[in-house]
Amino acid sequence: TGHRSTVILGDNPRKLGIIKSSLNIPIKWIHVVRNPYDNIATWAKLNYENKKRNNKPTNIIQELNNTINKYKKLNEIIVKLRRSEDVLTVNHEFVITRTHNTLEKMANFLEISFHPIWRDNVRNAIWKKPRITRRKVKWENKQIRIIKDIIDQYPWLNGYEYNCGRCR
């Protein structure tokens, strides 16, 4: 639901101020990024399946295009939020493949103690390997290029590619 929170705050930045003044403590953000091709494919596939289940007209190309546009807007909101917020970016794939190091980095950022029980609980709760969902949908070459352009625009997406199993 990270994208929903981001959109809510982007649509009404005053809400962030309300949260900060209500809590009256410093707020730090952990921005988890995933390979955009997998992220978009998962999101589009879920939208497609939901619409099909509800007998709404759709096709996967249309859902991919809609999701790509939403993903672009989401990253534009993230740019604005990062200007004023204390943000740590972590890679979804590293949470899975480099759990200890990633959690230690998060604990340092949050200025909390890192406890191995926390690491073990996270390891037990997450997937054993990153899911490569980009190959579960049919992409047009144009869509792949558009996402490559998005990746090139935002530093937190650097290193991700379409033809890469464990990018970053």
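Worth saying up front: this structure is predicted, and the values here are computed from it rather than measured.

### Thoughts on the nonpolar core
Okay, step 1: Counting residues in each nonpolar core, the largest one holds 23 residues, and the members touching the most others are Tyr-37, Ile-40, Leu-64, Trp-139, Ile-147 and Leu-157.
Okay, step 2: For this core, the leading source of residues is helix α4 (residues 60–84), giving six residues.

### Structural notes on the packing of aromatic side chains
Okay, step 1: Enumeration over the complete set of coordinates arrives at five aromatic pairs.
Okay, step 2: Relative to Trp-118, the ring of Phe-114 lies with its centre 5.8 Å away and its plane at 65 degrees, an arrangement referred to as edge-to-face.
Okay, step 3: What makes Phe-114 partly exposed here is its relative accessible area of 22%.
Okay, step 4: Ring pairing ties together the aromatic residues Tyr-37, Trp-139 and Tyr-162, which thus form one cluster.
Okay, step 5: When the ring centre of Phe-109 is taken as origin, the NZ or CZ atom of Lys-28, which lies over that ring, is 4.9 Å away.
Okay, step 6: Sitting over the face of the ring of Phe-94, Arg-98 holds its NZ or CZ atom 3.8 Å from the ring centroid.

### With respect to the confidence of the model for the protein chain
Okay, step 1: Per-residue confidence for the protein chain gives a mean pLDDT of 90; residues scoring 70 or more make up 97%.
Okay, step 2: The secondary-structure element of the protein chain with the lowest mean pLDDT is helix α1 (residues 2–11), recorded at 80, while helix α8 (residues 141–153) shows the highest, at 97.

### Concerning helix α3 (residues 36–53)
Okay, step 1: For α3, spanning 18 residues, the distance from its first C-alpha to its last is 25 Å, which sits close to the expected 26 Å at 1.5 Å a residue.
Okay, step 2: Regarding α3, the residues found buried are Pro-36, Tyr-37, Asp-38, Ile-40, Ala-41, Trp-43 and Ala-44.
Okay, step 3: Of the surrounding secondary structure, the elements contacted by the buried residues of α3 are α1, α4 and α8.
Okay, step 4: N-cap assignment for α3: the residue whose side-chain oxygen lies 2.9 Å from the backbone N of Tyr-37 is Asn-35.
Okay, step 5: Of the residues flanking the end of α3, it is Asn-55, one or two places downstream, whose phi is positive at about 55 degrees.

Rules of the game
- Every chain begins its residue count from 1, and numbering advances along the sequence as written.
- In keeping with the predicted nature of the model, local features appear solely for residues at pLDDT of at least 70, side-chain atom pairs appear and are counted solely at 80 or more, and the whole-chain, interface and lining totals rest on all residues.
- Excluded from the side-chain calculation are hydrogens and water; included are all heavy atoms of the structure.
- We call a set of buried residues a nonpolar core when its members are Ala, Val, Leu, Ile, Met, Phe, Trp, Tyr or Cys and they connect through side-chain atoms within 4.5 Å of each other.
- With a 1.4 Å probe rolled over the protein chains alone, any residue whose accessible area is under 20% of its type maximum counts as buried; one over 50% counts as exposed, and the rest are partly exposed.
- By the criteria applied, helices consist of DSSP H or I runs no shorter than four residues and strands consist of E runs no shorter than two, each listed in order from the N terminus.
- Centres within 6.5 Å are what make two rings of Phe, Tyr or Trp a pair, Trp counting through its six-membered ring; a difference in plane orientation under 30 degrees is then read as stacked, over 60 as edge-to-face, and the rest as tilted.
- Put simply, a charge is over a ring when the Lys NZ or the Arg CZ is close to the ring centre, within 6 Å, and near the line of the ring normal, within 35 degrees.
- For every residue, the pLDDT score states the predictor's confidence, bounded by 0 at the bottom and 100 at the top.
- Multiplying 1.5 Å by the helix residue count minus one yields the expected span of that helix.
- Only heavy atoms matter for contacts: two residues are in contact if any of them lie within 4.5 Å across the pair.
- We call two N or O atoms a polar contact when they sit within 3.5 Å, provided that within protein one can donate a hydrogen and the other can accept it, with sequence-adjacent residues counted only if both atoms are side-chain atoms.

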